[in-house]
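Each chain, letter by letter, is given below.
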Amino acid sequence: MPLRPADLTRRKQGGLPITMLTAWDALSAAVVASAGVDAVLVGDSLAMVVLGHATTLPVTLEEMLHHCRAAGRGLAAAAPQHPPLLICDLPFLSYQCGADAAVAAAGRVLKETPAVAVKLEGAEPETLAVIDRMVRSGIPVMGHLGLTPQSVHQLGYRRQAGDPVSQERLRRRALALQEAGCFALVIEHVPAELASALSAALVIPVIGIGAGDGCDGQVRVTADLLGLTSRQPPFSPPLMQGRALAVEVLGRWVREQGPAAAPAPATRPAAPAAPHC
Ligand code: KIV
């Protein structure tokens, strides 16, 4: 049986931690499923991590569907009996242009990919109305507050909710998301005490990134944990230096083949470091 959104609530109720990792294709999904993660997020961070964009804004719904289908195939191959819960991010402007268009976009995720839920950012009144419509249409929705990368041009990548007024605002927004029917909430780059107080106050699971250890669960961008990205956010340090390791072993293989036409790695200009969250 695949995991369902309600299973995450049951884990919270049972005091069990929830783990969620991102995937962007069949290969990465199979790896994180084999690691035993509870939920797999095809996050719109793939715009930066995989597609090379400077922000998450350019990725399209079609691209998200394409990557989500691939991730679903990876999960089916790696964990056919008990696949993790597959969630797909709704990209920028797929849910901000009216409730009908938003429900249609979320519906495409459920119809055209193996994902069983969508995630979207924010809790503006229009967003809450859209979530309500989705939930009443049978579409499970995960919320996302704190650092919301789709608002990078307003918020930057700074830590959010640093003062009492914005903390109270975030608390009210989190409660509104729960009220609107979200089955879980991602909370990114906020003070640990706030995130842990929210986890205690909400019935739905709060899944943190850069939000301390007191959340009901943790989510990370897999490429950050593996050290594959050129630079990781300060709140998501790598567990290994995957990029350097890959360059080293592949470079050794290239050199074993004979003299290279390309300049030696040390003489190449460094790749620009794109911060992402
Ligand atoms: O897009 C993404 O990868 C995310 C995670 C940072 C939670 O939203």
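Relevant structure appears above.
The following paragraphs examine the structure supplied in this document. From a predicted model like this one, the values you see are computed outputs, not experimental measurements.

**Here's the deal with the sheet that holds strand E8 (residues 217–220)**
No. 1: On the basis of which strands lie adjacent, the closed barrel formed by 8 strands has the order E1-E2-E3-E4-E5-E6-E7-E8 and parallel pairing. Each adjacent strand pair in this sheet contributes to an overall mean axis angle of 25 degrees, direction not counted.
No. 2: Two elements, strand E6 (residues 184–188) and strand E7 (residues 206–209), share 4 bridges in a ladder whose sense is parallel. When the sheet's bridge partners are listed, Leu185 is paired in E7 with Val206.

**Topic: helix H2 (residues 26–34)**
Side chains three or four residues apart in an α-helix point the same way, a direct result of the helix having 3.6 residues per turn.
No. 1: Ser28, Ala29, Val32 and Ala33 are the residues of H2 that are buried. Around the axis of H2, the buried residues are gathered within 130 degrees of arc, so they sit on the same side. Counted as exposed and oriented over 90 degrees from the buried face of H2: Leu27 and Ser34.
No. 2: A distance of 3.3 Å separates the backbone nitrogen of Leu27 from a side-chain oxygen at the start of H2, and that oxygen is part of Asp25.

**Notes on the packing of helix H6 (residues 125–136) against helix H8 (residues 164–180)**
No. 1: Axis separation between H6 and H8 bottoms out at 9 Å; the angle between their running directions is 25 degrees. What the angle tells us is that H6 and H8 run roughly parallel. Considering the relative orientation of H6 and H8, their crossing is right-handed. Here Leu128, Ile131, Asp132 and Val135 of H6 come into contact with H8, specifically with Ala176, Leu177 and Ala180.
No. 2: For the contact of H6 with H8, the residue count by class is 6 nonpolar, no polar and 1 charged.

**Overview of the pattern of salt bridges**
No. 1: Summed over the entire model, instances satisfying the criterion amount to 13 salt bridges.
No. 2: Note that Arg10 and Asp7 form a salt bridge whose closest N and O atoms lie 2.9 Å from each other. Here Arg10 and its partner Asp7 are both found in helix H1 (residues 5–13), 3 residues apart, which amounts to about one turn of the helix.
No. 3: Residue Arg108 is joined to Glu112 by a salt bridge in which the shortest nitrogen-to-oxygen separation is 2.7 Å. In this pair, Arg108 and Glu112 are both assigned in helix H5 (residues 99–112), 4 residues apart and thus about one turn of the helix distant.
No. 4: Judged by its relative accessible area of 27%, Arg108 falls in the partly exposed class.
No. 5: Through salt bridges with shared partners, a single network forms among Glu62, Arg69, Arg108 and Glu112.

Calculation notes
Residues numbered from 1 in each chain as written. Predicted model: local features only at pLDDT ≥ 70, side-chain atom pairs only at ≥ 80, totals over all residues. Heavy atoms only, no water. Pairing = 2+ DSSP bridges. Helix = DSSP H or I, 4+ residues; strand = E, 2+ residues; numbered from the N terminus. Axes fitted to C-alpha atoms, helices over the stretch in contact; angles between N-to-C directions. Buried < 20%, exposed > 50% of the residue type's maximum accessible area, 1.4 Å probe, protein only. Arc of directions from axis to C-beta. Polar contact = N/O pair within 3.5 Å; in protein donor to acceptor, adjacent residues only side chain to side chain. Parallel < 35°, antiparallel > 145°, perpendicular 65-115°, else oblique. Left-handed = near helix turned anticlockwise from the far one by under 90°. Contact = heavy atoms within 4.5 Å. Nonpolar A, V, L, I, M, F, W, Y, C, P; charged D, E, K, R; others polar. Salt bridge = Lys/Arg side-chain N within 4 Å of Asp/Glu carboxyl O.

All quantities given are derived from atomic positions and should not be read as evidence of function.
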